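Examining the three-dimensional arrangement
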Amino acid sequence: MAASSNSSLSGSSVSSDAEEYQPPIWKSYLYQLQQEAPRPKRIICPGEVENRPKYYGREFHGIISREKADELLGGVEGAYILRESQRQPGCYTLALRFGNQTLNYRLFYDGKHFVGEKRFESIHDLVTDGLITLYIETKASEYISKMTTNPIYEHIGYATLLREKVSRRLSRSKNESRKASVTNEEHTAVEKISSLVRRAALTHNDNHFNYEKTHNFKVHTFRGPHWCEYCANFMWGLIAQGVRCSDCGLNVHKQCSKHVPNDCQPDLKRIKKVYCCDLTTLVKAHNTQRPMVVDICIREIEARGLKSEGLYRVSGFTEHIEDVKMAFDRDGEKADISANIYPDINIITGALKLYFRDLPIPVITYDTYSKFIEAAKISNADERLEAVHEVLMLLPPAHYETLRYLMIHLKKVTMNEKDNFMNAENLGIVFGPTLMRPPEDSTLTTLHDMRLVLEWPEENYCVLSELKGEKSVQLSFWKSRGPCERPSLALGGQDGSAWSLLALFLPAVQEEFFLLSDTGRWET
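Residues numbered from 1 in each chain as written. Predicted model: local features only at pLDDT ≥ 70, side-chain atom pairs only at ≥ 80, totals over all residues. Heavy atoms only, no water.

Taking an unreviewed UniProt entry as the reference, the protein chain is identified by name as Beta-chimaerin belonging to Capra hircus. Regarding the protein chain, the UniProt comment filed under Subcellular location (unreviewed entry) reads as follows: "Membrane". (UniProt positions renumbered as here; feature names shortened; annotations may be inferred.)

Tracing the backbone through its elements, the reader meets Ala232 in the loop between β7 (217-220) and β8 (242-245). Looking at Ala232, the relative accessible area reads 0%, which means it is buried. A C-alpha to C-alpha distance of 8.3 Å links Ala232 and Tyr153, two positions 79 residues apart in sequence. Setting aside its immediate chain neighbours within four residues, Ala232 contacts Ile25, Trp26, Lys27, Ile152 and Trp227. (Helix = DSSP H or I, 4+ residues; strand = E, 2+ residues; numbered from the N terminus. Buried < 20%, exposed > 50% of the residue type's maximum accessible area, 1.4 Å probe, protein only. Contact = heavy atoms within 4.5 Å.)

Looking now at the side chain of Asn420. In this fold, Asn420 is placed in helix α16 (residues 417-420). At 2.8 Å, the side chain of Asn420 and the backbone oxygen of Leu306 are in polar contact. Those residues in contact with Asn420 that sit more than four places away from it in its chain are Leu306, Lys307, Ser308, Glu309, Gly310, Leu311 and Val413. (Polar contact = N/O pair within 3.5 Å; in protein donor to acceptor, adjacent residues only side chain to side chain.)

This part covers the nonpolar core. Membership of the largest hydrophobic core comes to 60 residues, with the highest contact counts inside it found for Tyr312, Phe328, Tyr355, Phe356, Phe431 and Leu435. Of all the secondary-structure elements, those providing two or more residues to this core are α9 (279-286), α10 (292-304), α11 (318-331), α12 (345-358), α13 (366-376), α14 (381-392), α15 (397-415) and α17 (424-435). Setting aside anything within four residues of it in sequence, one finds Phe356 in contact with Val294, Val363, Thr402, Leu406, Phe431, Thr434, Leu435 and Arg437. (Core = buried A, V, L, I, M, F, W, Y, C linked by side-chain atoms within 4.5 Å.)

Extensive coverage of strand β4 (residues 92-98) is indicated by the burial of seven of its seven residues. Residues Tyr92, Leu94, Leu96 and Phe98 of β4 are buried on one face, and the alternating residues Thr93, Ala95 and Arg97, pointing to the opposite face, are buried as well. Where strand β3 (residues 79-84) meets β4, five bridges bridge the pair, whose relative direction is antiparallel. If you follow Ile81 over to β4, its bridge partner there is Ala95. (Pairing = 2+ DSSP bridges.)

Another point: the packing of aromatic side chains. Taken as a whole and assessed by the stated rule, the structure comprises 13 aromatic pairs. Each member of the aromatic cluster is reached from another via a ring pair, and the members are Tyr55, Tyr56, Phe60, Tyr92 and Tyr109. Note that Arg290 overlies the ring of Tyr405, its terminal NZ or CZ placed 3.8 Å from the centroid. (Phe/Tyr/Trp six-rings, centres within 6.5 Å; stacked < 30°, edge-to-face > 60°. Lys NZ or Arg CZ within 6 Å of the ring centre and 35° of its normal.)

Confidence along the protein chain averages 74 in pLDDT terms, with 69% of residues attaining 70 or more. Every residue in residues 450-501 scores below 50 in pLDDT, and together they form 107 contacts with partners more than four places removed in sequence or on other chains. Within the model, the stretch residues 518-524 combines pLDDT values under 50 with 13 contacts to residues more than four positions away or in other chains. (pLDDT = per-residue confidence, 0-100.)

Glancing now at the side chain of Asn346. Residue position: Asn346 is located in helix α12. Residues in contact with Asn346, not counting those within four places in the same chain, are Val314, Ser315 and Gly316.

Taking strand neighbours across the sheet as the criterion, the three strands line up as β7-β8-β9 in an open arrangement whose pairing is antiparallel. Each edge of the open sheet carries a strand with a single partner, namely β7 and β9 (251-252). Sheet topology places β8 next to β9; two bridges connect them, and they run antiparallel. Looking across to β9, one finds that Val243 is bridged to Val252.

Take a look at the structure:
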């Protein structure tokens, strides 16, 4: 059954324009099969059974053989009993009649009943779900195997989730720009719908914010009938019928989730906080190039703090930094971090560093950490720059753009070095543990990485000394000039590796972004 673009599940279309998106027809074949599936019939034991587990009812018949169980079921489709195994006392079996034969399943209980991955509150629900699954997979095995071959998703995008977004963004795009033509005489009607919905499902094409993001699918129990938004087929069963993306709400079969493109468009209603949220998820949800925290904090810092001595090195009060964090989590882009509220610029720099530290995946991702280390080992400046370039190209687009913007900002900080005493090496020391972290906590690996520091000119970097204890390593850094020629920071453990490594090639990263800029200037 092919999905149609001219009929609606809800009876209303997204917009008054005739050519715009309309919901598909949901395919009813699997729903009809679920309605036809055998109903469970409990065979009650006529007498009391000794030592019956308290979580089983009168369908439990005690220790009986398979032959006796088959006899009790009487050839009735959907009939079931519970029994204790003769060969393995203490082990319990569900005997179920289906397809003119008796099926025996090992039964488990850990607060809920289960024979496989799904867990049920009652034996009745378990049997009901099992009969539905058995019946549908028996009657429609070939149909199910071909569900993903002609998906509606390729034609209409998010079938139900984006209905309101489509209308709102299409209307806005008409008012904002006339550059892109909505229709093309050479395209078919389906292709017109595809173009409209995909443009609405993603973000502004003109602004190039279409970062690729995988869906965050999790097994979900749907209350009431639900249809897959990839193949348009019914999602059968009583519980755990499919998966739902926790970021955008897309509902699909588990087998269909493997075919869904990496085009998740997070819904702001599902993003509960700003800090500790995946970077790409946040920028997709807010339709921005970078996290709004980064933009807002950097604007505030550049407006009133570039000449502040020890910028980013000096810490603000922890409780005030937490206040800023809560303000962003609560108010988002409307958070007020102005000088009237937070006169100390170190509170804002602290909030920005905390945001980077709280990212579940660092700006310099775990996948690229080892490659950055290898780049740091290269002594030749030109080769090191090329190596940094290759690693930067491996970063996810949102991570790349965030790092690029931060490097431009840090360059401005170094341009005010005479006032703030912060050069590229010092900033690399400060930002190392916030921008890059090793994928696993290995003291030996960390110590090995830190040896790279000793291979670089003494005047540029650090003095390395081991303290007592295998996991305690102190890095003492000196500024290269000014009144602060003293140890400025010290940390132990694996953070030291990230500090030293980023200090080694932060200038190279900045130079790389400078070379990649269209204008050859550092202005944003």
